[in-house]
Amino acid sequence: MNIGEGIRKALAKITGKAIIDESAVKSMVKEIQRALILSDVNIELVYKLSKQIEKRSLTEKPPAGRSMSEHIHAIVYEELTKIMGEGRKLELKPQRIMVCGLFGSGKTTQIGKVAYYLKQRGMSVGVIAADMMRPAAYEQLEQLSKQVGCNFYGRKGPGVKARDVVKEGLEKLKNDVIIIDTSGRDALDDELIAELREINEVAKPDEKILVISADIGQVAKKQAEEFNNAVGLTGVIITKMDGSGKGGGALTACATAGVKVIFIGVGEKIGDIEEFNPSKFVGRILGVPDFEALIEKVKAAVPEGMEEIPEEFTIETFYKQLKAARNMGPLKGLFETMGMVNVPKEVLEQGEQKMDQYESIIDSMTKAERKNPDLVRKSPSRMERISKGSGVPVSVVKEFITQFGKMKKMYEQLQKNKGMQRNLQRLFKGKGFGF
Ligand code: GDP
Ligand code: MG
């Protein structure tokens, strides 16, 4: 169970309740504790945070216009945001960036992502392959640079020194931003410290960024401190936030170590990187939509007829949302942005091809069937007919009906959340949002 799921479950216990007594607060706090500990957040920190949530929930009166339940949500949100520390933005200016970290933490991959991020924002970028330890590091970075469309410098061969490669690279590459890949180790040892210090001296980087894998959880504190002592860090990128349940631990550990998180890595692809903004991050794990990001995406993509949130989730709605979602790009990001993090995984992972198949299926359904998909679910002959009409296998028709059922359930949950509904409604009407 990930941190968000656990905390949302805890909050669900008090959501919408008119009377929230001490025992309800205490049991909610217990569940939050459990979720945080499972995410490997330091136990003392968990204790302090939960005391604070408990105290505030039991003593504060909600401000006008806010219910007790809404107020407790806000308290949890505020307190969680505090322990996530501060984020930091990477400046868009000519600069040198040294990227360091242990083996397999994701250095080289993040360099590709950061290069892409900067290129998209109009910077010209060059990368230097100065990881002399890993045999294929050169090729990996060269390949990434081609994918990103940035310049590359590297030199292979036995006995080549990292500092020389960096020096040559800095002379050859004329880009605004130079990003330097460095060697990793299993642990930070004297040899690596010496190498990083040499590169530091030659390159005088503006940014010294440590890449940490989320799966080390709270050990991130020790790692960040050690690298910070050795070379003086300016920030951290935490990777594999998508694949690890310990992301909460890694993030809070960096905050405790006093190093700021700049980005989080959320996948293996070049675009799978996000600026780290604690309040947005917490909002999202709590299922509160990130309206600002959503507005940007939705503006261009709200299809006609979707300005109003429909009362009922029908196949027609699904169809429209499918179309809208396709216009909006990666589905996963979109649903997360909307706070709909409970969307069935299978739905999020649908490829484009599946989306095409779903559209064909819907096209082949009668009006009555769209209105009541149970007709199809219960009738093999209808499935057969739709399969023939759409050219999609019966198994996929079946699967579609099941997925639709799951989406409908999710939608109904969303409908229960009045605050979110109000906000979505405002949003769809182009009025912005009001928390
Ligand atoms: P390095 O040794 O530190 O340079 O690590 P690499 O960049 O070679 O990455 C190690 C592995 O982690 C590769 O298989 C990457 O695809 C994977 N990886 C990197 N970043 C992420 C991320 O944000 N999420 C996931 N799931 N995998 C990642
Ligand atoms: Mg590497």
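Reading the values: rules and limits
Residues numbered from 1 in each chain as written. Chains lettered and ligands numbered in written order. Predicted model: local features only at pLDDT ≥ 70, side-chain atom pairs only at ≥ 80, totals over all residues. Heavy atoms only, no water. Axes fitted to C-alpha atoms, helices over the stretch in contact; angles between N-to-C directions. Helix = DSSP H or I, 4+ residues; strand = E, 2+ residues; numbered from the N terminus. Parallel < 35°, antiparallel > 145°, perpendicular 65-115°, else oblique. Contact = heavy atoms within 4.5 Å. Nonpolar A, V, L, I, M, F, W, Y, C, P; charged D, E, K, R; others polar. Phe/Tyr/Trp six-rings, centres within 6.5 Å; stacked < 30°, edge-to-face > 60°. Expected span 1.5 Å × (residues − 1). Buried < 20%, exposed > 50% of the residue type's maximum accessible area, 1.4 Å probe, protein only. Arc of directions from axis to C-beta. Polar contact = N/O pair within 3.5 Å; in protein donor to acceptor, adjacent residues only side chain to side chain. Near = heavy atom within 4 Å. Areas by Shrake-Rupley, 256 points an atom, 1.4 Å probe, with all protein chains shown as cover.

1. Some thoughts on the packing of helix α1 (residues 3–12) against helix α2 (residues 22–38)
At their nearest, the axes of α1 and α2 sit 8 Å apart, and the two run at 175° to each other. By the angle between their axes, α1 is roughly antiparallel relative to α2. Contacts from I3, G6, I7, K9, A10 and L11 of α1 reach α2 at M28, E31, I32, A35 and L36. Of the residues contributing to the contact of α1 with α2, the split by class is 8 nonpolar, 1 polar and 2 charged.

2. Examining the packing of aromatic side chains
For any two aromatic rings, the description comes down to two numbers: the centre-to-centre distance and the angle of the planes. Applying the stated criterion to the full structure yields 4 aromatic pairs. When the centroid spacing of 5.1 Å and the interplanar angle of 90° are considered together, the rings of Y138 and F152 count as edge-to-face. Here F152 lies in strand β3 (residues 151–154) and Y138 lies in helix α6 (residues 137–148), a separation of 14 residues in the sequence. Ring centres of Y358 and F400 lie 5.0 Å apart, and the angle between their planes is 65°; on these two criteria the pair is classed as edge-to-face.

3. Digging into α6
With 12 residues, α6 extends 16 Å from end C-alpha to end C-alpha; this agrees with the ideal 16 Å at 1.5 Å per step. Restricting attention to buried positions, one finds in α6 the residues A137, Y138, L141, L144, S145 and V148. Looking straight down α6, one finds that the buried residues subtend no more than 135° of arc, so they occupy a single side. The exposed residues of α6 that point more than 90 degrees off its buried face are K146 and Q147.

4. Things to note about the side chain of S390
The residue S390 is located in helix α19 (residues 380–390) in this model. In this structure S390 comes out as buried when scored by relative accessible area, which is 14%. A distance of 2.7 Å separates the side chain of S390 from the backbone oxygen of I386, its partner in a polar contact. Look past the residues within four positions of S390 in its chain and what remains in contact with it is S360, I361 and S364.

5. So, the site of ligand 1
As a structural note, the neighbourhood of ligand 1 is formed by 18 residues, with K107, T109, R134, D242 and E268 the closest of them. Within the backbone of K107, an N or O atom sits 2.8 Å from an oxygen atom of ligand 1. Taking T109, its side chain carries an N or O atom lying 2.5 Å from an oxygen atom of ligand 1. When the free accessible area of ligand 1 is taken as 580 Å², the share hidden by the protein chains comes to 83%. Examining the composition of the shell around ligand 1, we find that 5 residues originate from one element, helix α5 (residues 107–120), more than from any other. Across the shell around ligand 1, the residue classes tally to 2 nonpolar, 10 polar and 6 charged.

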